[in-house]
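These are the residues of each chain, in order.
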Amino acid sequence: MATIDMSPAFGPGYVTRMLGYTLAANSSVGYPAGAPMLAPGDGGTANQKTYLSVMKGTIPIDFSTLVNSTSRSADKLITFSTGTDFSPSATTVNPAIISTNYVAAGAPGIATWFWIYTVYNGYTGSLNGLTSPAGVSDTTLLHQLIGTAGAVGSGADLEIPDTNIVAGNAYRILNLRLQFPTTWTFA
Amino acid sequence: MTILFHSNIRHLMIGRGILAGGLTSASGITIYSGIQPTAAAIAADWPTYNSTNAKFLAHFTGAVWSHPLSGTTTFCSITTFPAATPADKTGTGSWCILWMTNPTGAQLLSSTLPSTQFIIGPVSNLTGNGIVRFATNTDFVAGVSRTIGDGTIGATST
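Being a predicted model, the structure only gives us computed values, none of them experimental. (Residues numbered from 1 in each chain as written. Chains lettered and ligands numbered in written order. Predicted model: local features only at pLDDT ≥ 70, side-chain atom pairs only at ≥ 80, totals over all residues. Heavy atoms only, no water.)

Engineer: Pulling in residues and values, what's your account of the overall build of chain A?
Structural biologist: A count of helices and strands for chain A gives 1 helix and 15 strands. A total of 187 residues make up chain A; the buried ones form 52% of that total. If you sum the accessible surface of chain A, you get close to 7500 Å²; carbon and sulfur atoms cover 55% of it. (Helix = DSSP H or I, 4+ residues; strand = E, 2+ residues; numbered from the N terminus. Buried < 20%, exposed > 50% of the residue type's maximum accessible area, 1.4 Å probe, protein only. Areas by Shrake-Rupley, 256 points an atom, 1.4 Å probe, with all protein chains shown as cover.)

Engineer: I'd like to hear about unusual backbone geometry, residue by residue, with values.
Structural biologist: Residue and element names in this part refer to chain A. Here the bond from N94 into P95 is cis, since omega is 5°, no more than 30 degrees from zero. Its place among the elements puts P95 in the loop between strand 3 (76-81) and strand 4 (96-98). In this structure, N175 is a non-glycine residue whose phi angle is positive, near 60°. Looking at the secondary structure, you find N175 in the loop between strand 13 (170-171) and strand 14 (176-178). Looking at N175, the relative accessible area reads 37%, which means it is partly exposed.

Engineer: Describe the confidence of the model for chain B, and please don't skip the residues or the numbers.
Structural biologist: Looking at chain B, the pLDDT average stands at 94 and 99% of residues meet or exceed 70. Scoring of the predicted complex yields 0.90 for pTM and 0.94 for ipTM. (pLDDT = per-residue confidence, 0-100.)

Engineer: I'd love a proper account of the packing of aromatic side chains, names of residues and values included.
Structural biologist: One pass over the structure, following the stated rule, counts 13 aromatic pairs over all chains. Aromatic side chains F134 of chain B and F140 of chain B sit 5.2 Å apart centroid to centroid with 85° between the ring planes, which places their arrangement in the edge-to-face category. In this structure, F134 of chain B and F140 of chain B share a single accessibility class: buried. Counting every residue linked through ring pairs, the aromatic cluster contains Y51, W113, W115 and Y117 of chain A. Geometry around F10 of chain A places R17 of chain A over its ring, the cationic atom sitting 5.2 Å from the centre. (Phe/Tyr/Trp six-rings, centres within 6.5 Å; stacked < 30°, edge-to-face > 60°. Lys NZ or Arg CZ within 6 Å of the ring centre and 35° of its normal.)

Engineer: Before we move on, can you summarise the pattern of salt bridges with the specific residues and values?
Structural biologist: All names here are of chain B. Scanning the entire structure with this criterion turns up 3 salt bridges over all chains. Between K89 and D88 there is a salt bridge; the shortest N-O distance is 2.6 Å. Overall, the relative accessible area of 43% leaves D88 in the partly exposed class. The salt bridge involving D150 is made with R133; its shortest N-O contact spans 2.8 Å. Here D150 is found in strand 12 (residues 150-154), whereas its partner R133 is found in strand 9 (residues 132-134), with 17 residues between them in sequence. (Salt bridge = Lys/Arg side-chain N within 4 Å of Asp/Glu carboxyl O.)

Engineer: How would you explain the packing of helix 1 (residues 10-19) of chain A against helix 1 (residues 9-18) of chain B if you had to name every residue and give the values?
Structural biologist: Where helix 1 of chain A contacts helix 1 of chain B, the two axes come as close as 8 Å, and the packing angle between them is 115°. Crossing geometry of helix 1 of chain A relative to helix 1 of chain B is assigned as right-handed. Judged by residue contacts, F10, Y14, R17 and M18 of chain A of helix 1 of chain A engage L12, M13, R16, G17 and I18 of chain B from helix 1 of chain B. Broken down by class, the residue content of the contact of helix 1 of chain A with helix 1 of chain B amounts to 6 nonpolar, 1 polar and 2 charged. (Axes fitted to C-alpha atoms, helices over the stretch in contact; angles between N-to-C directions. Left-handed = near helix turned anticlockwise from the far one by under 90°. Contact = heavy atoms within 4.5 Å. Nonpolar A, V, L, I, M, F, W, Y, C, P; charged D, E, K, R; others polar.)

Engineer: Before we move on, can you summarise the side chain of S124 of chain B with the specific residues and values?
Structural biologist: All names here are of chain B. Here S124 shows up in strand 8 (residues 118-125). Take S124: its relative accessible area is 9%, and that puts it in the buried class. A polar contact of 2.9 Å, which involves the side chain of S124, links it to the backbone nitrogen of G130. (Polar contact = N/O pair within 3.5 Å; in protein donor to acceptor, adjacent residues only side chain to side chain.)

Engineer: Which residues make up helix 1 of chain B, and what values go with them?
Structural biologist: Most of helix 1 of chain B sits inside the fold, with 10 of its 10 residues counted as buried. Within helix 1 of chain B the residues assigned to the buried category are I9, R10, H11, L12, M13, I14, G15, R16, G17 and I18 of chain B.

Engineer: How would you sum up the environment of T38 of chain B? Please name residues and give values.
Structural biologist: In this fold, T38 of chain B is placed in the loop between strand 2 (27-32) and helix 2 (39-44). Overall, the relative accessible area of 42% leaves T38 of chain B in the partly exposed class. Put simply, T38 of chain B and N8 of chain B are 30 residues apart on the chain and 28 Å apart in space, counted from C-alpha to C-alpha. When sequence neighbours within four positions are dropped, the list of residues in contact with T38 of chain B reads D5 of chain A together with I120 of chain B. Within the structure, T38 of chain B has its side chain in polar contact with the backbone nitrogen of A41 of chain B (distance 3.0 Å).

The structure is reproduced here in structure tokens:
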């Protein structure tokens, strides 16, 4: 077996560049390689944008049903977005620590999973040096990840004191850790 | 459940994670013989791995890597190749350091680590799984020039 291994000092920068919370798109390459996962999203068209939605219902087993940012809209309980909500996050370390400001829940329900997704954010053509492929819109997905949500002590990826989400109540994400590997073995 | 990432993460790792660390500018590649250590071991004890070490076989400068097809591939590769370079010592290359900078001979000789930013991986001939590969074999003879055949780092998903 062969191994690729990053130096200890390489890891934090590697995570920082991939999450890119304070960074613009990388204009030296195109999509999706150039767009960060936690895109800054200033609320306009100057950057891609990222959302974290706490969801109810059955957790997907793959991404085949998550075709754009409006997928499973009826199951979205709480949605956080970059540009306003992710300022408490620490993305220059590995594991990165995702934290948000308080946001009011938009719908009631039992939280079962969460979805982080990055979108093109409503422009076509060339922006920040990246030229959008034909046919994309502001709901077209660039990057996604999903994980489980559950009660504290459940072992879910995101643990919530009370999974019974109440519409209008304020919620925040606190210390969701994303660990990125820095060593790989392969045949 | 393990957090599930969309396969686009591969493009992100190659483009923003690895290449943007320094490989899109002229960078150095050092070839070693012997058993590949960990990157942490190199960072912690560079004097054991500097150019005075018998396993330090050759150093190539000026490699530039890129992400083909405007970042739509799931691999990056060397697109500007270093010049043919005489080997420093004799031996069989088995692993390499990809520096995010372009270290000089003096830096490689020093007891100070040339750069804290680097990736290590296997070296092989063109039929092997090296991230840096050489035609026919990875045999180096002191004073005899060799050229890099290709260099590729790919990302797969399950």
